[in-house]
Amino acid sequence: MMFEPMRLLPGDDLRLTLAGRTGFVVAGIGSLRHAELRLAGAPGPTHLDGPLEILTLSGSLTPAGVHLHASVSDAQGRVTGGHVCAGCEVLTTAELLIAPLQPGSLTREPDAATGYTELVILKP
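Attention in this report is confined to the structure presented alongside it. Model, not experiment: these values are computed from the prediction.

## Things to note about the pattern of salt bridges
Tallied over the full model, the rule gives 3 salt bridges. Residue R21 is joined to E4 by a salt bridge in which the shortest nitrogen-to-oxygen separation is 2.7 Å. Here E4 lies in strand β1 (residues 4-8) and R21 lies in the loop between β1 and β2 (23-38), a separation of 17 residues in the sequence. In this structure, the salt-bridge partner of R78 is D74, at a minimum N-O distance of 2.8 Å. For R78, a relative accessible area of 52% gives the class exposed.

Now the structure itself:
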């Protein structure tokens, strides 16, 4: 498997920039102007004012949806982590390592057991 480095630029939306791809984000660092993270069990996103450092970033990418989790720290070193929602705006850079997969190998479908749209691995 080949990995693909990717750099997002100031003003890019961390989540929306990755839409439509197929694979996994295996690592990510950088900075955000502000973030929208859905914390565990919360019904919607929490807005975090920046500047913020991206400490960790990982997730799955399918044409049917992006599922990312991140941990970020603020200027006082407080760390917050959660599900990445639209609205996470890159401040200076976001440097990602992507493990791309063949188009059509992953999708997301509703799962009755969890109530969420979950990853489905398709056999070629």
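## Re unusual backbone geometry
Residue P51 follows G50 across a cis peptide bond; omega there is 10 degrees. Assignment of secondary structure puts P51 in strand β3 (residues 46-62).

## As for the nonpolar core
By size, the foremost hydrophobic cluster in this structure holds 23 residues, and its most contacted members are L14, L18, L32, L57, L68 and V84. Mapped onto this core, the elements with two or more residues apiece are β1, β2, β3, β4 (65-73) and β6 (89-100). Sort the elements by how many residues they give to this core and β3 lands first, with 5 residues. Other than its neighbours up to four places away in sequence, L32 contacts L14, G50, P51, L52, I54, V72, C88, E89, V90 and L91.

## Some thoughts on the pairing of strand β8 (residues 117-121)
One ladder, built from 5 bridges, connects strand β7 (residues 106-110) with β8; its direction is antiparallel. When the sheet's bridge partners are listed, L106 is paired in β8 with I121. Between β7 and β8, which follow one another and run antiparallel, lie 6 residues, and G115 among them has a positive phi close to 80 degrees.

## Regarding the environment of M6
Following the sequence through the fold, M6 ends up in strand β1. Sequence spacing of M6 and P45 is 39 residues, and the spatial spacing of their C-alpha atoms is 26 Å. With residues near it in sequence (within four places) discarded, M6 still touches T17, L18, R21, A94, E95, L96 and I98.

## Notes on a nonpolar patch on the surface
A cluster of nonpolar side chains, contributed by F3, F24, V26, L97, L119 and I121, occupies part of the molecular surface with about 510 Å² of accessible area. At the level of secondary structure, the elements contributing two or more residues to the nonpolar patch comprise β2 and β8. Within the element layout of this structure, V26 appears in strand β2.

## Observations regarding the side chain of T107
Locating T107 in the fold gives a position in strand β7. You can call T107 buried: its relative accessible area is 17%.

Cut-offs applied
Residues numbered from 1 in each chain as written. Predicted model: local features only at pLDDT ≥ 70, side-chain atom pairs only at ≥ 80, totals over all residues. Heavy atoms only, no water. Salt bridge = Lys/Arg side-chain N within 4 Å of Asp/Glu carboxyl O. Helix = DSSP H or I, 4+ residues; strand = E, 2+ residues; numbered from the N terminus. Buried < 20%, exposed > 50% of the residue type's maximum accessible area, 1.4 Å probe, protein only. Core = buried A, V, L, I, M, F, W, Y, C linked by side-chain atoms within 4.5 Å. Contact = heavy atoms within 4.5 Å. Pairing = 2+ DSSP bridges. Patch = residues over 30% accessible without salt bridge, like charges linked within 9 Å, V, L, I, M, F, W, Y side chains within 5 Å. Areas by Shrake-Rupley, 256 points an atom, 1.4 Å probe, with all protein chains shown as cover.

Read these as layout, nothing more, since geometry by itself doesn't imply function.
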